[in-house]
Amino acid sequence: MKIAVLEQDRSQAELICQVLTAAGHSCQAFDNAREFLAQLRKENADMLVMDWNVPDMDGPEVLRRAKEKMAANAPTIFLVGNNAEDDIIAGVTAGADDYLVKPLRRGELVARVSALLRRAYPSQNSAEQLQFGPFTFETRPGRLLKDGSIIDVTQKEFSLALLFFRNIGRPLSRAYIHESVWVRDTDVPSRTMDTHVSRVRNKLSLRPENGFRLVPVYSYGYRLEKLGA
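Only a predicted model underlies this, so the values are computations on that prediction, with no experimental measurement involved.

What follows deals with a nonpolar patch on the surface. A cluster of nonpolar side chains, Val92, Tyr99 and Val101, forms an exposed patch at the surface whose accessible area comes to about 220 Å². Along the chain, the position of Val101 falls in strand S7 (residues 98-101). Owing to a relative accessible area of 33%, Val101 belongs among the partly exposed residues under this scheme.

Written as structure tokens, this is what we have:
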């Protein structure tokens, strides 16, 4: 889906777009409300992720103008700082669909965005299939196939494998993997992640002779590599 991000902090905006792009969406970031609203007149967005406090316009006004230009079912999620109860009330009252408190957790961001998009566009999220070489990921109900044959994986293993395939060639930090797969489970032992990675490697046969290699990145995390023919 096409997601617009309104966030004055460029590093934060880049992080949000990186996470949402890795989740399979198209993302465009803006650091001020006027530029964002001007772009909406030219090209629509399926969803808006917005900082409630941008310098050039009040949050409720941004939301009102955006809703005038976006489709009626386009969801909005807004970002607030810690202990910003007044902003949360204002955002919900103004018609936003959900909110997230900074600092953002990557896994929670993806989960909230995915839930809102499924609700807003049910016909487009009924049975997504993602193909990576011989592997087919059916995101609902979370089934993984290789050359048409089902691979017996748990939901965590499915999520972990899909995360690697969506980021082929890119090193993923242990923190990023943790937040993407385990989301709210804060106390996950390091060996738990390593065990899950090992199971994914073995169950999917991610070895050089099969065209893929899942390798550790020293003192950082893991990387899935696709090898040449």
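The subject of this paragraph is helix H2 (residues 33-42). Along H2, the positions that sit buried rather than exposed are Ala33, Phe36, Leu37, Gln39 and Leu40. One side of H2 carries all its buried residues, which in axial view fall inside an arc of 160 degrees. Projecting away from the buried face of H2 at angles above 90 degrees are the exposed residues Arg34, Arg41 and Lys42. The opening residue of H2, the one whose side-chain oxygen lies 3.3 Å from the backbone nitrogen of Arg34, is Asn32.

Here we come to the state of the cysteines. Among covalent bonds in proteins, the disulfide is the one between the sulfur atoms of two cysteines. Evaluation of the coordinates by the stated rule reveals one disulfide. Linked covalently through their sulfurs, Cys17 and Cys27 form a disulfide whose S-S length is 2.3 Å. Where Cys17 bonds to Cys27 through sulfur, the torsion about that S-S bond is close to -60 degrees, and the disulfide is left-handed. With Cys17 in helix H1 (residues 10-22) and Cys27 in strand S2 (residues 26-30), the pair connects residues that are ten residues apart, well separated along the chain. Cys17 gets classed as buried once you look at its relative accessible area, which sits at 13%.

Rules behind the numbers
Residues numbered from 1 in each chain as written. Predicted model: local features only at pLDDT ≥ 70, side-chain atom pairs only at ≥ 80, totals over all residues. Heavy atoms only, no water. Patch = residues over 30% accessible without salt bridge, like charges linked within 9 Å, V, L, I, M, F, W, Y side chains within 5 Å. Areas by Shrake-Rupley, 256 points an atom, 1.4 Å probe, with all protein chains shown as cover. Salt bridge = Lys/Arg side-chain N within 4 Å of Asp/Glu carboxyl O. Helix = DSSP H or I, 4+ residues; strand = E, 2+ residues; numbered from the N terminus. Buried < 20%, exposed > 50% of the residue type's maximum accessible area, 1.4 Å probe, protein only. Arc of directions from axis to C-beta. Polar contact = N/O pair within 3.5 Å; in protein donor to acceptor, adjacent residues only side chain to side chain. Disulfide = S-S within 2.5 Å.

Read these as layout, nothing more, since geometry by itself doesn't imply function.
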